[in-house]
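In case you want the letters, here they are:
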Amino acid sequence: MRLALPLVVVPCMLLAGMARATSPNDPAVAAAASSSVGSGASSSAQPAAAPMSANPPAAPNPPAAPAQADPRDLLFAAPTSVDYIGRIVVAVMVDGHGPFRFIVDTGANFCTISPRLVTQLGLVPSTESAIEVSGITGTARVPTVPIRKLQAGDLVIEDARFPVVWAPLMAGADGILGVAGLRKDKLLVDFEHNRVVISRSWRYLSSTDYSRVHATRVRGGLIALNAHVGGVPVLAIIDTGSERTIGNMALHDALYGKRQANRSVRIADVYGATTEIVSGELDASPLIDLGSIRIGDVTLVFGHFHIFDVWGLEQRPALIVGMDVLGTVSALSIDFRSAEIYIDSKYALGLSARTAPSCAAAIRASRAHCSG
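All of these numbers come straight from a predicted model, not from anything done at the bench. (Residues numbered from 1 in each chain as written. Predicted model: local features only at pLDDT ≥ 70, side-chain atom pairs only at ≥ 80, totals over all residues. Heavy atoms only, no water.)

### Quick word on the overall build of the chain
Turning to step 1, where the next piece is worked out: On a plain count of helices and strands, the chain comes out with five helices and 29 strands.
Turning to step 2, where the next piece is worked out: Taking all 372 residues of the chain together, 57% fall into the buried category.
Turning to step 3, where the next piece is worked out: Looking at the chain alone, contacts between residues at least 24 apart form 72% of all its contacts between residues at least 6 apart. (Helix = DSSP H or I, 4+ residues; strand = E, 2+ residues; numbered from the N terminus. Buried < 20%, exposed > 50% of the residue type's maximum accessible area, 1.4 Å probe, protein only. Contact = heavy atoms within 4.5 Å.)

So this is what it looks like as structure tokens:
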């Protein structure tokens, strides 16, 4: 029996090489061998906007913003709570204008810009310089605009073309700042004090207050951990651009065995930045052990998602760790030079009390739509 539940997965971009990072004298940001997209989830039951056509209007207009925005969307470091999955936002200057609000995405190494900001800056999208991007469900070509200089803290990107992308997940944000390709910078996210810092130094972080977890750099500069889910070894991609935690079918089969034809399952339609729609299966996850933090009561979304194939992770158990897990700690930091993650020690080796509820629990509690 199939129980259908709504789910919208809105990806954040990770593109093949274009931008040059100078932070302030950094070599080019490493690009992925293939275009790919990180993932995120929204509680909206409407699909993401389809990619722009081959002849888009010069100044596309996104849908009108809600009359009353959630005040948590105005925070820079919004934590995950039982009724809300947080996100990370940073102040960005674009061509001397701003500051603008960009979502920080560790699952992407390039930036995107919203149609609204394109209009505000008087830029004209070009289909002649369109880029092919791969989303969680497929691929598409999107137009780009030229950016002379983008700056966020110590990070500077110059003389780049950014793809023009809009998605419901952005919830008023002006773009997406992909940071997976960073080589020398550090990212600090302090949920308790509403602070996000991109810096070359450790002046914002006292190492005595944090537990260190050694990570690895994989395809395109992604930060990954050798983790365990219910005792199953997995490669866990740290993706702050994803609201939900997503597993591939190799992990599903390792945890639950091959899907039985007559087994009752909860199915959700998964949307991305492309027009393809893929069904995902919802299952309550066993304990997720990331080394210095162990999280329970998380509903994972499993499926044959295009992004795992692009990353070469379709055949081995793999996980995209989203903000429903990452946003439960008090603070975290990523050192891209040493590929190390620092987690506030108050949450080290403990079960977070702020973990988002499972989809089934949320439905029982509110009888409302759940994003999985």
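### Brief notes about the sheet that holds strand E15 (residues 186-190)
Turning to step 1, where the next piece is worked out: Taking strand neighbours across the sheet as the criterion, the five strands line up as E16-E15-E28-E29-E17 in an open arrangement whose pairing is antiparallel. Only two strands of the sheet have a single neighbouring strand rather than two, namely strand E16 (195-199) and strand E17 (210-214). On average, each strand axis in the sheet is inclined to that of its neighbour by 15°, with strand direction left out of account.
Turning to step 2, where the next piece is worked out: Pairing between E15 and strand E28 (residues 331-335): five bridges, direction antiparallel. If you follow leucine 188 over to E28, its bridge partner there is serine 333. (Pairing = 2+ DSSP bridges. Axes fitted to C-alpha atoms, helices over the stretch in contact; angles between N-to-C directions.)

### Details of the environment of threonine 240
Turning to step 1, where the next piece is worked out: Position of threonine 240 relative to the elements: it lies in the loop between strand E20 (232-238) and strand E21 (246-248).
Turning to step 2, where the next piece is worked out: By relative accessible area, threonine 240 is classed as buried at 2%.
Turning to step 3, where the next piece is worked out: Along the primary structure threonine 240 and alanine 108 are separated by 132 residues, whereas in three dimensions their C-alpha atoms are 9.3 Å apart.
Turning to step 4, where the next piece is worked out: Each residue touching threonine 240, except ones within four places of it in the same chain, is listed here: Ile88, Val104, Asp105, Thr106, Met323 and Leu326.
Turning to step 5, where the next piece is worked out: A polar contact of 2.7 Å, which involves the side chain of threonine 240, links it to the backbone oxygen of valine 104. (Polar contact = N/O pair within 3.5 Å; in protein donor to acceptor, adjacent residues only side chain to side chain.)

### Some remarks on helix H2 (residues 249-256)
Turning to step 1, where the next piece is worked out: Buried within H2 are the following residues: Met249, Ala250, Leu251, His252 and Leu255.
Turning to step 2, where the next piece is worked out: Those residues of H2 that are buried lie in contact with strand E19 (222-229), E20, E21, strand E23 (277-284), strand E26 (299-303) and strand E27 (318-321).
Turning to step 3, where the next piece is worked out: Glycine 257 sits one or two positions beyond H2 and adopts a positive phi of about 80°.

### What to know about the pattern of salt bridges
Turning to step 1, where the next piece is worked out: By the definition in use, this model includes five salt bridges.
Turning to step 2, where the next piece is worked out: The closest approach of N and O atoms between aspartate 190 and arginine 195, which form a salt bridge, is 3.7 Å.
Turning to step 3, where the next piece is worked out: Overall, arginine 195 belongs to the partly exposed group, its relative accessible area being 33%.
Turning to step 4, where the next piece is worked out: For arginine 212, the salt bridge identified is with glutamate 340, shortest N-O distance 3.6 Å. With arginine 212 in strand E17 and glutamate 340 in strand E29 (residues 340-344), this residue pair connects regions lying 128 residues apart in the sequence.
Turning to step 5, where the next piece is worked out: We classify glutamate 340 as buried; its relative accessible area is 14%. (Salt bridge = Lys/Arg side-chain N within 4 Å of Asp/Glu carboxyl O.)

### Here's the deal with the packing of aromatic side chains
Turning to step 1, where the next piece is worked out: Throughout the structure, instances matching the rule amount to one aromatic pair.
Turning to step 2, where the next piece is worked out: Residues tyrosine 256 and phenylalanine 302 carry aromatic rings whose centres are separated by 5.9 Å and whose planes lie at 85° to one another, so their mutual orientation is edge-to-face. Of this pair, tyrosine 256 sits in helix H2 while phenylalanine 302 is found in strand E26, placing the two residues 46 residues apart along the sequence.
Turning to step 3, where the next piece is worked out: Given a relative accessible area of 0%, phenylalanine 302 falls into the buried group.
Turning to step 4, where the next piece is worked out: Its guanidinium or amino end placed over the ring of phenylalanine 76, arginine 101 lies 5.0 Å from that ring's centre, counting from NZ or CZ. (Phe/Tyr/Trp six-rings, centres within 6.5 Å; stacked < 30°, edge-to-face > 60°. Lys NZ or Arg CZ within 6 Å of the ring centre and 35° of its normal.)

### Structural notes on the confidence of the model for the chain
Turning to step 1, where the next piece is worked out: Per-residue confidence for the chain gives a mean pLDDT of 74, with 69% of residues at or over 70.
Turning to step 2, where the next piece is worked out: Low pLDDT (under 50) marks residues 1-67, which in the prediction has 231 contacts with non-local residues, meaning those over four places away or in another chain.
Turning to step 3, where the next piece is worked out: Overall, residues 351-372 carries pLDDT values under 50, and its contacts beyond four positions in sequence, including any with other chains, amount to 63 contacts. (pLDDT = per-residue confidence, 0-100.)

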